[in-house]
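Residue strings, one per chain:
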Amino acid sequence: MNGIDTAETGAAVTVTRSRHALTAAGTAAAVVVLAALLGPLVAPASPTAQVGLPFDVPSAAHPLGTDAVGRDVLSRLLHGGRAVVLLAAGATLLASVVGVTLGVLSGLAGRRPGEFVVRVVDVVAVIPGLLVLLVLAAGFPGSDTAILVGVGLVSLPFSVRVMRSATRQVAVRGFVDAARARGDSRWRIVRHDILPNVTGTMLAEAGIRFSAAVHLTATAGFLGLGAGTPTANWGRMVNENTAGIALTVWPVLAPALLLVTFTVSVNLLADDLAARWADR
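Residues numbered from 1 in each chain as written. Predicted model: local features only at pLDDT ≥ 70, side-chain atom pairs only at ≥ 80, totals over all residues. Heavy atoms only, no water.

Asks: Any details on the pattern of salt bridges? Residues and values, ideally.
Replies: In the structure shown here, the tally under the stated rule is 12 salt bridges. Ionic pairing is found between Arg119 and Glu115, a salt bridge with its closest N-O pair at 2.9 Å. Of this pair, Arg119 and Glu115 both sit in helix 3 (residues 111-125), 4 residues apart, which is roughly one turn of that helix. Classification of Arg119 by relative accessible area gives partly exposed; the value is 46%. (Salt bridge = Lys/Arg side-chain N within 4 Å of Asp/Glu carboxyl O. Helix = DSSP H or I, 4+ residues; strand = E, 2+ residues; numbered from the N terminus. Buried < 20%, exposed > 50% of the residue type's maximum accessible area, 1.4 Å probe, protein only.)

Written as structure tokens, this is what we have:
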């Protein structure tokens, strides 16, 4: 009995810790999203105005100090997240819609049509992601839309492959055979039999891709792609201020911390949401 009680106590402690971690992850993700979306409304100064000496240390007037040209770091931080978050979300949504559509249809199609779809997306997969972004950015200089499409295109092959595999596993189950036998249309089978059973996989996969999209979007900003300077961008802030890191770390550390916190939190939440869906 003592062994059983100990095991139950350990399980309860594990569940409590897991809930606390998820609460912390949800809070952190919400704070970053609010800072990114509403930050420009509460920024204490213009993100492009020079307000002091370059790489000035934090003070009451400038809590995070100034950057390489004397701009207020806090103001640029509050302005710089909107592009990263919205572009990553848009790219994830784009890749999800196209990836789920192609993945499910190719999973239900015959072997040869399905393999053809996979081979086509594999052509995209072998192209380095940064090369795709650079080509699109060169063709559409200063365009955030080009970055959104590029990030979505880079993550599409992974989405198609995962959704095709999940669909094929569901398609061989008895309830799908029964639906076919009673004459259900392909759309009805997809809607009522396939999608409810692959949604958990879709959510987990979307969470991974969103984290990758945040990374790629920030990398594009770091490289100066998309909307150019003096537009604030968390990735660009890291690049712009690396030279002064010995004088003050906050122009580099603050945006980097927000990016890391956001991606880790989103991954934890996506995994939990997928697990909850699978337990339904």
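Asks: Can you explain the packing of helix 2 (residues 73-108) against helix 8 (residues 234-241)? Please cite residues and give values.
Replies: Running from amino to carboxyl end, helix 2 crosses helix 8 at an angle of 135°, the nearest separation of the two axes being 7 Å. What the angle tells us is that helix 2 and helix 8 run oblique. Each of Val73, Arg76, Leu77, Gly80, Gly81 and Val84 in helix 2 lies in contact with helix 8, whose residues at this interface are Trp234, Met237 and Glu240. (Axes fitted to C-alpha atoms, helices over the stretch in contact; angles between N-to-C directions. Parallel < 35°, antiparallel > 145°, perpendicular 65-115°, else oblique. Contact = heavy atoms within 4.5 Å.)

Asks: With reference to specific residues and values, describe the nonpolar core.
Replies: Counting 28 residues, the largest nonpolar core has Val151, Val214, Trp234 and Phe262 as its most contacted members. For this core, the leading source of residues is helix 2, giving 7 residues. Not counting the four nearest positions on each side in its chain, Val151 is found in contact with Ala91, Leu133, Ala213, Leu216 and Thr217. Among the nonpolar cores identified, the runner-up in size contains 13 residues, and Leu108, Met163, Val176 and Ala179 belong to it. (Core = buried A, V, L, I, M, F, W, Y, C linked by side-chain atoms within 4.5 Å.)

Asks: Please set out the environment of Ala109 residue by residue, giving values where relevant.
Replies: Take Ala109: it is sitting in the loop between helix 2 and helix 3. A sequence separation of 55 residues divides Ala109 from Arg164, and the C-alpha atoms of the two residues are 9.9 Å apart.

Asks: Describe the UniProt feature "domain: ABC transmembrane type-1" (unreviewed entry) in the protein chain, naming the residues involved and giving the relevant values.
Replies: Under the UniProt annotation, the feature "domain: ABC transmembrane type-1" (unreviewed entry) is placed at residues 81-270. The distance separating the terminal C-alpha atoms of residues 81-270 is 21 Å; by composition the span is 82% helix and 0% strand. (UniProt positions renumbered as here; feature names shortened; annotations may be inferred.)

Asks: Please set out the side chain of Ser155 residue by residue, giving values where relevant.
Replies: As for its placement among the helices and strands, Ser155 is situated in helix 5 (residues 144-171). Those residues in contact with Ser155 that sit more than four places away from it in its chain are Ala95 and Arg209.

Asks: So, helix 5: which residues are in play, and what are the values?
Replies: The terminal C-alpha atoms of helix 5, which comprises 28 residues, lie 39 Å apart, in line with the 40 Å expected from a rise of 1.5 Å per residue. Approximately 40° is the largest bend angle found in helix 5, and it occurs at Leu156, with the proline Pro157 only one to four residues beyond. Between the side-chain oxygen of the N-cap and the backbone nitrogen of Thr145 there are 3.3 Å, and the N-cap of helix 5 in question is Ser143. (Expected span 1.5 Å × (residues − 1). Bend = angle between axes of the 7 residues up to and from the residue. Polar contact = N/O pair within 3.5 Å; in protein donor to acceptor, adjacent residues only side chain to side chain.)

Asks: Describe a nonpolar patch on the surface, naming the residues involved and giving the relevant values.
Replies: A cluster of nonpolar side chains, namely Leu34, Leu37, Leu38, Leu41, Val42 and Leu86, defines an oily patch on the protein surface of about 590 Å² accessible area. At 5 residues, the largest contribution of residues to the nonpolar patch is made by helix 1 (residues 2-42). Note on placement: Leu34 falls in helix 1. (Patch = residues over 30% accessible without salt bridge, like charges linked within 9 Å, V, L, I, M, F, W, Y side chains within 5 Å. Areas by Shrake-Rupley, 256 points an atom, 1.4 Å probe, with all protein chains shown as cover.)

Asks: Describe unusual backbone geometry, and please don't skip the residues or the numbers.
Replies: Residues other than glycine seldom take positive phi values, yet Phe55 does so here, at roughly 55°. When you line up the elements, Phe55 lands in the loop between helix 1 and helix 2.

Asks: Which residues make up the environment of Val124, and what are the values?
Replies: Summarising the element assignment, Val124 is placed in helix 3. Overall, Val124 belongs to the partly exposed group, its relative accessible area being 25%. Look past the residues within four positions of Val124 in its chain and what remains in contact with it is Leu153 and Pro157.

Asks: Let's hear about the side chain of Arg236: which residues, and what values?
Replies: Tracing the chain through its elements places Arg236 in helix 8. In this structure, Arg236 is buried with no salt-bridge partner, the nearest side chain bearing the opposite charge being Glu240 at 4.7 Å. Those residues in contact with Arg236 that sit more than four places away from it in its chain are Gly221, Phe222, Gly224, Leu225, Ala227, Gly228, Thr229 and Thr231. (Lys, Arg positive; Asp, Glu negative; His and termini not counted.)

Asks: Can you explain the packing of aromatic side chains? Please cite residues and give values.
Replies: On inspection of all chains with the given rule, the structure shows 1 aromatic pair. Relative to Phe262, the ring of Phe210 has its centre 5.6 Å away and its plane inclined at 80°; by these criteria the two rings are edge-to-face. Here Phe210 is found in helix 7 (residues 186-222), whereas its partner Phe262 is found in helix 9 (residues 250-278), with 52 residues between them in sequence. Look at Phe210 and you get buried, because its relative accessible area is 13%. Judged by relative accessible area, Phe262 falls into the buried class, the value being 3%. (Phe/Tyr/Trp six-rings, centres within 6.5 Å; stacked < 30°, edge-to-face > 60°.)

Asks: A description of the UniProt feature "transmembrane region" (unreviewed entry) in the protein chain should follow, citing residues and the corresponding values.
Replies: On the UniProt side, "transmembrane region" (unreviewed entry) is annotated at positions that read residues 21-43, 83-105, 117-140, 146-163, 210-229 and 249-270 here. Its end C-alpha atoms 25 Å apart, residues 146-163 is made of 100% helix and 0% strand. What you have in residues 210-229 is 65% helix and 0% strand, and the ends, taken at the C-alpha atoms, are 25 Å apart.

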